[in-house]
Amino acid sequence: MIKSKTFSMLAIGATAALVLAGCAAAETETETETTAGTEAATSIIGAYDLSGIDITVGSKDFDEQLILGEILVAAFEEAGATVDNKVNLGGTSVARAALESGDIDIYMEYNGTGWGVHLGQEDASFDPEVLTSGVAALDLTENGIVWVGRSPFNNTYGFASSPEVTEANGGPFTLTSMMEYTQANPDAIVCMESEFPSRPDGLILTETHTGITLPDSQQRILDTGIIYTETAANNCDFGEVYATDGRIPALGMTLVEDPGVNLLYNVSGTMGQDKYNEAPDAFDAIINAILAPLTNVRMAELNGYVSAEGQDSGVVAREYLVSEGLID
């Protein structure tokens with residue numbers, strides 16, 4: 001009896017030890033799995049899976065487009081895609097032709113460009129949501145191109161005031177106060193690109209909005225890059241610019257406030273429908289995540305690192321994504 005009881009107690013003890021060891025092993029295994037899962041999804045974009053997907057990324061050939069293209073490259077790589085980097089293809093027609101032919105799978109395009117250039121439409125909406133949804137619906141129906149996301153920033157035409165004129169004004173101009181200034185000061189000069197005074201989306205929109213015509217004698221035609229340096233040097237009172245150009249803050253100029261007169265140029269990812277359908281939820285989530293922080297101010301800041309400071313666009317793109325917690 002004593003031996004049997006002792007054996008029974010030993011057996012119970014051994015069984016309990018085995019159970020506890022099993023629980024401990026299970027807990028350790030669970031902790032390992034949890035830790036591994038956490039490590040695998042430490043970044044926002046890393047939570048989305050594009051593994052097994054090949055994607056070719058393109059862009060146009062100016063600084064903002066180089067940055068946006070490199071952002072896509074780094075983001076898709078973070079999500080596990082195999083990426084072919086064809087950033088810096090050329091102008092608008094080159095990038096769009098590459099997308100339509102399948103030479104690239106995606107590039108960033110502007111809603112105003114899509115509406116007027118690619119789709120040949122007129123009377124563009126001044127509501128960014130309405131314009132982008134209209135472009136997206138028509139481009140999908142006619143060309144099988146999907147528009148994904150929409151940036152807060154709007155890289156439209158605009159004007160910047162020189163440092164001296166801004167200081168004398170006590171701060172930023174509006175389009176109306178700018179035109180009133182030129183009317184009150186006949187020696188004031190507005191520097192513009194050669195096409196801007198005659199473009200239907202150019203000077204005429206500001207003149208119509210304000211009811212003030214800018215005389216030819218107050219117009220000076222310059223190359224794009226020179227407009228920025230001459231305005232910064234106070235040789236132009238105002239210069240025609242692109243609203244998110246990094247040279248505006250870098251050179252001490254101030255953007256003239258636009259209440260919505262100039263046409264919209266918000267950016268979206270444009271993709272062939274077949275490629276988009278390989279992972280629509282992931283593409284939606286990733287592109288929306290990378291565009292969401294890009295206000296006019298933030299995009300101009302990134303552009304300035306490249307156009308004014310000479311930094312590499314790929315480095316700027318990656319640092320942006322890391323700073324937003326989008327990639328590791």
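Scroll up to find the structure this text is about.
Residues numbered from 1 in each chain as written. Predicted model: local features only at pLDDT ≥ 70, side-chain atom pairs only at ≥ 80, totals over all residues. Heavy atoms only, no water.

Side note on the layout of surface pockets
Turning to step 1, where the next piece is worked out: For the largest pocket, the calculated volume is near 880 Å³.
Turning to step 2, where the next piece is worked out: Lining the largest pocket are 35 residues, with Thr113, Tyr157, Arg199, Tyr242 and Tyr265 positioned closest to its centre.
Turning to step 3, where the next piece is worked out: Mapped by element, the contributors of at least two residues to the lining of the largest pocket are helix H2 (63–78), helix H4 (111–118) and helix H13 (296–307).
Turning to step 4, where the next piece is worked out: Take the lining of the largest pocket: its biggest share by element is 5 residues, from H4.
Turning to step 5, where the next piece is worked out: When the residues that make up the lining of the largest pocket are grouped by side-chain class, the tally is 12 nonpolar, 13 polar and 10 charged.
Turning to step 6, where the next piece is worked out: What the second largest pocket holds in volume is close to 240 Å³.
Turning to step 7, where the next piece is worked out: Asn154, Thr156, Asp258, Gly260 and Asn296 are, among the 16 residues lining the second largest pocket, the residues nearest its centre. (1 Å grid on protein atoms, 1.4 Å probe; cavity = no way out; pocket = protein on both sides within 12 Å on 5 of 7 lines; lining within 4 Å. Points joined across faces, edges and corners; volume = space filled by probe spheres on them. Helix = DSSP H or I, 4+ residues; strand = E, 2+ residues; numbered from the N terminus. Nonpolar A, V, L, I, M, F, W, Y, C, P; charged D, E, K, R; others polar.)

Structural notes on the packing of helix H7 (residues 175–184) against helix H8 (residues 203–210)
Turning to step 1, where the next piece is worked out: Between H7 and H8, the least distance of the axes is 10 Å, while the angle of their chain directions is 90°. Taken together, the axis directions place H7 and H8 in an arrangement best described as roughly perpendicular. Residues Leu175, Thr176, Met178 and Met179 of H7 touch H8, and the partners they reach there are Thr206, Glu207, His209 and Thr210.
Turning to step 2, where the next piece is worked out: Looking at the contact of H7 with H8, its residues break down into 3 nonpolar, 4 polar and 1 charged. (Axes fitted to C-alpha atoms, helices over the stretch in contact; angles between N-to-C directions. Parallel < 35°, antiparallel > 145°, perpendicular 65-115°, else oblique. Contact = heavy atoms within 4.5 Å.)

Here we look at H13
Turning to step 1, where the next piece is worked out: End to end, H13 covers 16 Å across 12 residues, agreeing with the expected 16 Å (1.5 Å per residue, within 8%).
Turning to step 2, where the next piece is worked out: The complete set of buried residues in H13 reads Arg298, Met299, Ala300, Leu302, Asn303, Gly304 and Val306.
Turning to step 3, where the next piece is worked out: Against H2 and helix H14 (313–323) lie the buried residues of H13. (Expected span 1.5 Å × (residues − 1). Buried < 20%, exposed > 50% of the residue type's maximum accessible area, 1.4 Å probe, protein only.)

Brief notes about the pattern of salt bridges
Note that side chains of opposite charge can pair when their charged atoms are close.
Turning to step 1, where the next piece is worked out: A full pass over the atoms with the stated rule returns 9 salt bridges.
Turning to step 2, where the next piece is worked out: Across the pair Glu324 and Arg298 runs a salt bridge, and its minimum N-O distance is 2.4 Å. With Glu324 in the segment after H14 and Arg298 in helix H13, the pair connects residues that are 26 residues apart, well separated along the chain.
Turning to step 3, where the next piece is worked out: On the basis of relative accessibility, which here comes to 29%, the residue Glu324 falls in the partly exposed class.
Turning to step 4, where the next piece is worked out: It is possible to trace a salt-bridge network through shared partners that takes in Arg96, Glu100 and Asp139. (Salt bridge = Lys/Arg side-chain N within 4 Å of Asp/Glu carboxyl O.)

Considerations on the packing of H2 against H14
Turning to step 1, where the next piece is worked out: With their axes 8 Å apart at the nearest point, H2 and H14 run at an angle of 55° to one another. Regarding the angle of H2 to H14, the classification is oblique. By crossing handedness, the relation of H2 to H14 is classed as right-handed. Touching Leu66, Ile67, Glu70, Ile71, Ala74, Ala75 and Glu77 of H2 are Ser313, Gly314, Val316, Ala317, Arg318, Tyr320 and Leu321, all from H14.
Turning to step 2, where the next piece is worked out: Here the contact of H2 with H14 is built from residues that sort into 9 nonpolar, 2 polar and 3 charged. (Left-handed = near helix turned anticlockwise from the far one by under 90°.)

Structural notes on the pairing of strand S3 (residues 106–110)
Turning to step 1, where the next piece is worked out: The buried count for S3 comes to 5 of 5 residues, which makes it a mostly enclosed element.
Turning to step 2, where the next piece is worked out: Of the two faces of S3, the one lined by Ile106, Met108 and Tyr110 and the one lined by Tyr107 and Glu109 are each fully buried.
Turning to step 3, where the next piece is worked out: Bridging between S3 and strand S10 (residues 267–272) involves 5 bridges; their strand directions are antiparallel. Within the sheet, the bridge partner assigned to Tyr107 lies in S10 and is Thr270. (Pairing = 2+ DSSP bridges.)

Observations concerning the state of the cysteines
Turning to step 1, where the next piece is worked out: As enumerated under the stated definition, the model contains 1 disulfide in all.
Turning to step 2, where the next piece is worked out: The disulfide that involves Cys191 links it to Cys236, with 2.0 Å between the sulfurs. Judged by the torsion about the S-S bond (-85°), the Cys191/Cys236 disulfide is left-handed. With Cys191 in strand S6 (residues 190–192) and Cys236 in the loop between helix H9 (224–232) and strand S8 (238–242), this residue pair connects regions lying 45 residues apart in the sequence. Of the two residues, Cys191 and Cys236, both sit in the buried class. (Disulfide = S-S within 2.5 Å.)

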